[in-house]
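Here's the letter readout for the chains.
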Amino acid sequence: MNPSLKREKLILNVSFVGSILFLLAEVFVAILTDSTAVFMDCVYDIADLIMIGPFLVLIPLLYKPVTEKRPYGFSQIESLFIMFKSGILIGVTCFLIFSSIKLIIAGGNEVDASVIALFELSVSFTCVIMYFVLNKLSKKYTSPSVKAELYIWKLDALSTLGVGVAFLIKILLDKTNFSFIGPYVDPGIAIVLAVLLLKEPIGLFVESVKNLVLFAPNGETSAKIREICEKHMNEYNCYINFLDIIKTGRKIWVEIYFVIEKDLISIEKLKCLHKEILDDLSFEFDSLYVELIPDVSLVKPDNLVKMKGARRPDKINYIVKKD
């Protein structure tokens, strides 16, 4: 079995088992206390668990080589999967916000704050342990799915800590003249948590849509790839005419259309150039494909400078150089 595949399956399996145990504990406490905040955690974790199971089946497909029939392999299925998962999380979160608002309008929800505070603080401590365990396992290999799991455990640790502290404050408020606020603490915390949780799935949804329509990655990633490619190309007296970068799922395709100062370049030099670029980029990115494509048109060096700042580089006049 591929070592990276084995490592990723191990990480996700550990996360899956941990999530099930936490979910069972949360369901028990939610029923015991009738807390909206704890119930929100339950629903969110259920949505996440439902998606981890099928993804464990999908993982081996992501390591299959590309073919003529599937030029991008199964990478876009990963993007589609993440988009579907984040869409479900967005829908669940919005529903919980709406339900909590209705509960506040109805007069709030009185719960046993001491039980919830103790439970949430215990969960937060355990989530921190799980995060460090998974983080250590992912040192040798990481992927979008592994990063997503790490983010969820970190988010769970912070959110449960916040809920625990909030209910500790409620206990103190119940002993003051502000005890009337008590019934609104539980649904209020649920709304705050839901709003904070929305940021990540929205970001994942937008990124997945971009990956599905084969947009280039973000500006920082593209700039880094261009910098590395140009450094090696210049050493071989080659110049980039056009850099085509596509990101879908965890994989990045880099197609370098280039020109040379002379009409000929040896295949051996192209092999060396390709290896140097691929090795250098592999230190920065995972699951990378690089292709070198000689451009049929040569271009003046001054036009290359113009192309970098042009909104429509295809409108730059290409002029064949003569030796």
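The coordinates are above.
All values derive from a computational prediction rather than experimental measurement.

K.L.:
I'm lost on helix H8 (residues 267-282) in this one. Help?
P.N.:
Note that an α-helix has 3.6 residues per turn; residues three or four places apart therefore point the same way. Here H8 is 16 residues long and its end C-alpha atoms lie 22 Å apart, about the 22 Å a rise of 1.5 Å per residue gives. Those residues of H8 that fall on the buried side of the exposure criterion are Leu270, Leu273, Ile277, Asp280 and Leu281. Around the axis of H8, the buried residues are gathered within 105° of arc, so they sit on the same side. Looking at H8, the residues exposed on the side facing more than 90 degrees away from the buried face are Ile267, Glu268, Lys271 and Lys275.

K.L.:
Can you walk me through the packing of helix H3 (residues 75-105) against helix H6 (residues 182-212) in this structure?
P.N.:
The packing of two helices is summarised by the inter-axis angle and the distance between the axes. Look at H3 against H6: their axes get within 8 Å of each other, and the N-to-C directions meet at 160°. For the element pair H3 / H6, the angle class is roughly antiparallel. Regarding H3 and H6, the two cross each other, and that crossing is left-handed. Residues that form the contact of H3 with H6 fall into these classes: 23 nonpolar, 9 polar and no charged.

K.L.:
So what exactly am I meant to see when it comes to the sheet that holds strand E3 (residues 288-294) here?
P.N.:
As a general point, the strands of a sheet are linked pairwise by backbone hydrogen bonds and lie either parallel or antiparallel. Read from one edge of the open sheet, 3 strands run E1-E2-E3, paired in mixed fashion. Looking at which strands have only one partner, the edges of the open sheet turn out to be strand E1 (238-248) and E3. In this sheet, adjacent strand axes meet at a mean angle of 15° when their direction is disregarded. Alignment of strand E2 (residues 251-260) against E3, held across 7 bridges, turns out to be parallel. Looking at E3, one finds that tryptophan 253 is bridged to tyrosine 289.

K.L.:
Help me out: how do you make sense of the packing of aromatic side chains in this one?
P.N.:
For any pair of aromatic rings, geometry is given as the distance between the ring centres together with the angle between the planes. Considering all chains together, one arrives at 3 aromatic pairs under this definition. Geometrically, the ring pair formed by tyrosine 131 and phenylalanine 132 is edge-to-face, given 5.7 Å between the ring centres and 75° between the ring planes.

K.L.:
Sorry if this is basic, but what is going on with the pattern of salt bridges here?
P.N.:
A side chain with one charge can pair with a side chain of the opposite charge if their charged atoms come near. A full pass over the atoms with the stated rule returns 4 salt bridges. A salt bridge links glutamate 230 to arginine 226; the shortest N-O distance between them is 3.4 Å. Note that glutamate 230 and arginine 226 are positioned in helix H7 (residues 219-235) at a spacing of 4 residues, about one turn of the helix. A salt bridge links aspartate 280 to lysine 231, with the shortest nitrogen-to-oxygen separation between them at 2.9 Å. Linking aspartate 280 in helix H8 with lysine 231 in helix H7, this pair joins segments that are 49 residues apart in sequence. Judged by its relative accessible area of 44%, lysine 231 falls in the partly exposed class.

K.L.:
What is the right way to read the nonpolar core from this model?
P.N.:
Across soluble globular proteins, you tend to see nonpolar side chains buried next to one another. Grouped together as the largest cluster of nonpolar side chains are 36 residues, with contacts concentrated most on Phe22, Met40, Cys127, Leu134, Trp153, Phe167 and Ile189. Those elements giving two or more residues to this core turn out to be helix H1 (3-33), helix H2 (36-62), H3, helix H4 (113-137), helix H5 (144-173) and H6. Core analysis: the second largest hydrophobic core is formed by 21 residues, Ile225, Cys229, Cys238 and Val254 among them.

K.L.:
Is there a simple way to explain the side chain of histidine 232 in this structure?
P.N.:
By the element assignment, histidine 232 lies in helix H7. Within the structure, histidine 232 has its side chain in polar contact with the side chain of glutamate 276 (distance 3.5 Å).

K.L.:
What is the right way to look at H4 in this model?
P.N.:
Between the first and last C-alpha of H4 there are 36 Å, a value that for 25 residues agrees with the 36 Å anticipated at 1.5 Å per step. Every buried residue of H4 is accounted for by Ala113, Ile116, Ala117, Phe119, Glu120, Val123, Ser124, Cys127, Met130 and Leu134.

K.L.:
Can you walk me through the packing of H7 against H8 in this structure?
P.N.:
Contact geometry of H7 with H8 gives a least axis separation of 10 Å together with a crossing angle of 150°. Considering the angle they form, H7 stands roughly antiparallel to H8. Here the hand of the crossing between H7 and H8 comes out right-handed. Contacts between H7 and H8 involve Ile225, Ile228, Cys229, Lys231, His232, Met233 and Glu235 from the first element and Leu273, Glu276, Ile277, Asp280 and Leu281 from the second. Among the residues making up the contact of H7 with H8, the classes are represented as 7 nonpolar, 1 polar and 4 charged.

K.L.:
I keep staring at the pairing of E1 and nothing clicks. Help me out?
P.N.:
Successive residues of a regular strand alternate their side chains across the two faces of the sheet. Burial analysis of E1 places 8 of its 11 residues in the buried class, which makes it a mostly covered element. Judged from the 10 bridges that link them, E1 and E2 form a sheet pairing that is antiparallel. Residue isoleucine 240 lies in a different strand from E2, and its bridge partner there is phenylalanine 258.

Each value, and the rule that gives it
Residues numbered from 1 in each chain as written. Predicted model: local features only at pLDDT ≥ 70, side-chain atom pairs only at ≥ 80, totals over all residues. Heavy atoms only, no water. Helix = DSSP H or I, 4+ residues; strand = E, 2+ residues; numbered from the N terminus. Expected span 1.5 Å × (residues − 1). Buried < 20%, exposed > 50% of the residue type's maximum accessible area, 1.4 Å probe, protein only. Arc of directions from axis to C-beta. Axes fitted to C-alpha atoms, helices over the stretch in contact; angles between N-to-C directions. Parallel < 35°, antiparallel > 145°, perpendicular 65-115°, else oblique. Left-handed = near helix turned anticlockwise from the far one by under 90°. Nonpolar A, V, L, I, M, F, W, Y, C, P; charged D, E, K, R; others polar. Pairing = 2+ DSSP bridges. Phe/Tyr/Trp six-rings, centres within 6.5 Å; stacked < 30°, edge-to-face > 60°. Salt bridge = Lys/Arg side-chain N within 4 Å of Asp/Glu carboxyl O. Core = buried A, V, L, I, M, F, W, Y, C linked by side-chain atoms within 4.5 Å. Polar contact = N/O pair within 3.5 Å; in protein donor to acceptor, adjacent residues only side chain to side chain. Contact = heavy atoms within 4.5 Å.

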